Amino acid sequence: MQLKNPILGLCQQSTFMLSAAKVDQCPDDEGFEVAFAGRSNAGKSSALNTLTHASLARTSKTPGRTQLLNFFKLDDERRLVDLPGYGYAKVPIPLKQHWQRHLEAYLGSRESLKGLILMMDIRHPMTDFDLLMLDWAVASGMPMHILLTKADKLTYGAAKNTLLKVQSEIRKGWGDAVTIQLFSAPKRMGLEDAYTVLADWMELADKGAEAAE
């Protein structure tokens, strides 16, 4: 019998908590947080909404609309965080600088941050922003898992080839600490793998086994 991943129920009942423009506006720094990062057009909001079975994150025809740290509550101890989208040309420079300053402060100071999910558009992976996030995660010892989003835009063979190529680049440049998978929000591809990572980081991996005993 397949054990049900305990993160599933929590994601399905997730609710919006608050938005923060600065680190001192974030919830109390305790428990478990997993943050979602990605360039503005990498499909971050769609991925979050698919994983939570709810329209928590706003999807927009205009990339770059997420200008705050948005917190979503899973239970009293666990949260998902939607980080500002980066790299969209039409966003004013001062706003970009504000985002960058507060994103760095958040990433560098949160004790409750247990891992970072980085979204890359499978058709345009390893952008400058992605490389910066990889550098930061590995240098700080922060677990990182990459979702190669929009995998449905390529044939399965082409998607698999891109996955292997990016995986190889990451191993050469950053070692084996970073994990990666294919993901498609509309096709619901890769959900189980992503849930497994979330459950592990939020220390829920053993609870499914406990419930089954």
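The shown structure was predicted, so the numbers you read here are calculated from the model rather than taken from an experiment. (Residues numbered from 1 in each chain as written. Predicted model: local features only at pLDDT ≥ 70, side-chain atom pairs only at ≥ 80, totals over all residues. Heavy atoms only, no water.)

A. Broad picture of the sheet that holds strand β2 (residues 32-38). Spatially, β1-β3-β4-β2-β5-β6-β7 is the arrangement adopted by the seven strands of the open sheet, whose pairing is mixed. What marks the edges here is a single partner per strand, and that holds for β1 (15-20) and β7 (179-182). Mean inter-strand twist for the sheet, computed between neighbouring axes without regard to direction, equals 25°. Bridging between strand β6 (residues 144-149) and β7 involves four bridges; their strand directions are parallel. Note that in β7 the partner of Leu147 across the bridge is Gln181. Each of β2, β4 (78-82), β5 (113-121), β6 and β7 touches helix α6 (residues 191-201); the most contacted strand, β5, lies at about 160° to it. (Pairing = 2+ DSSP bridges. Helix = DSSP H or I, 4+ residues; strand = E, 2+ residues; numbered from the N terminus. Axes fitted to C-alpha atoms, helices over the stretch in contact; angles between N-to-C directions. Contact = heavy atoms within 4.5 Å.)

B. Summary view of the pairing of β4. Within β4, five of the five residues are buried, which leaves it mostly tucked inside the rest of the structure. As paired elements, β2 and β4 share five bridges and run parallel to each other. Across the sheet, Val34 pairs through a bridge with Leu80, a residue of β4. Both strand β3 (residues 69-73) and β4 contribute to a ladder of four bridges, which runs antiparallel. Residue pairing for β4: Phe71 is matched across the bridge by Val81. Linking two consecutive strands that pair antiparallel, namely β3 and β4, is a turn of four residues. (Buried < 20%, exposed > 50% of the residue type's maximum accessible area, 1.4 Å probe, protein only.)

C. Examining the side chain of Thr149 more closely. On the secondary structure map, Thr149 appears in strand β6. Apart from the residues within four sequence positions on either side, Thr149 is in contact with Ala42, Met119, Met120, Asp121, Ile122 and Phe183.

D. Representation of the pattern of salt bridges. Scanning the entire structure with this criterion turns up ten salt bridges. Here Asp82 ties to Lys44 by a salt bridge, and the two come within 2.5 Å at their closest N and O atoms. Linking Asp82 in strand β4 with Lys44 in helix α2 (residues 44-52), this pair joins segments that are 38 residues apart in sequence. In this pair, the class of Asp82 matches that of Lys44, namely buried. For Arg171, the salt bridge is made with Asp176, and the minimal N-O distance between the two is 3.4 Å. With a relative accessible area of 62%, Asp176 lands in the exposed category. Here the residues in one salt-bridge network are Asp29, Glu33, Arg79 and Arg110, joined through shared partners. (Salt bridge = Lys/Arg side-chain N within 4 Å of Asp/Glu carboxyl O.)

E. Spotlight on the nonpolar core. Ranked by internal contacts, the top residues of the largest apolar core, which has 34 residues, are Leu83, Tyr106, Leu116, Leu134, Met144, Ile146 and Ile170. Going through the elements one at a time, β2, β3, α3 (93-109), β5, α4 (128-140), β6, α5 (156-174) and β7 are the ones with two or more residues in this core. When residues in this core are grouped by element, the largest group, five residues, is from α5. If we skip the residues at most four places from it in the chain, Ile170 touches Met126, Leu134, Ile146, Gly175, Val178 and Ile180. One finds Phe183, Leu198, Ala199 and Trp201 within the second-largest nonpolar core, a separate group that totals 27 residues. (Core = buried A, V, L, I, M, F, W, Y, C linked by side-chain atoms within 4.5 Å.)

F. Representation of the environment of Gln100 within the structure. Summarising the element assignment, Gln100 is placed in helix α3. Considering only alpha carbons, one finds Gln100 and Pro84, 16 residues apart in sequence, at a separation of 8.8 Å.

G. Expanded view of α4. End to end, α4 covers 18 Å across 13 residues, agreeing with the expected 18 Å (1.5 Å per residue, within 8%). What α4 keeps buried is the set Phe129, Asp130, Met133, Leu134 and Ala137. Along the axis of α4, the buried residues cluster in a sector spanning 135°; they form a single face. Those residues of α4 that are exposed and angled more than 90 degrees off the buried face are Asp128, Leu132 and Ala139. Gly141 occupies a position one or two residues after α4 and carries a positive phi of about 70°. (Expected span 1.5 Å × (residues − 1). Arc of directions from axis to C-beta.)

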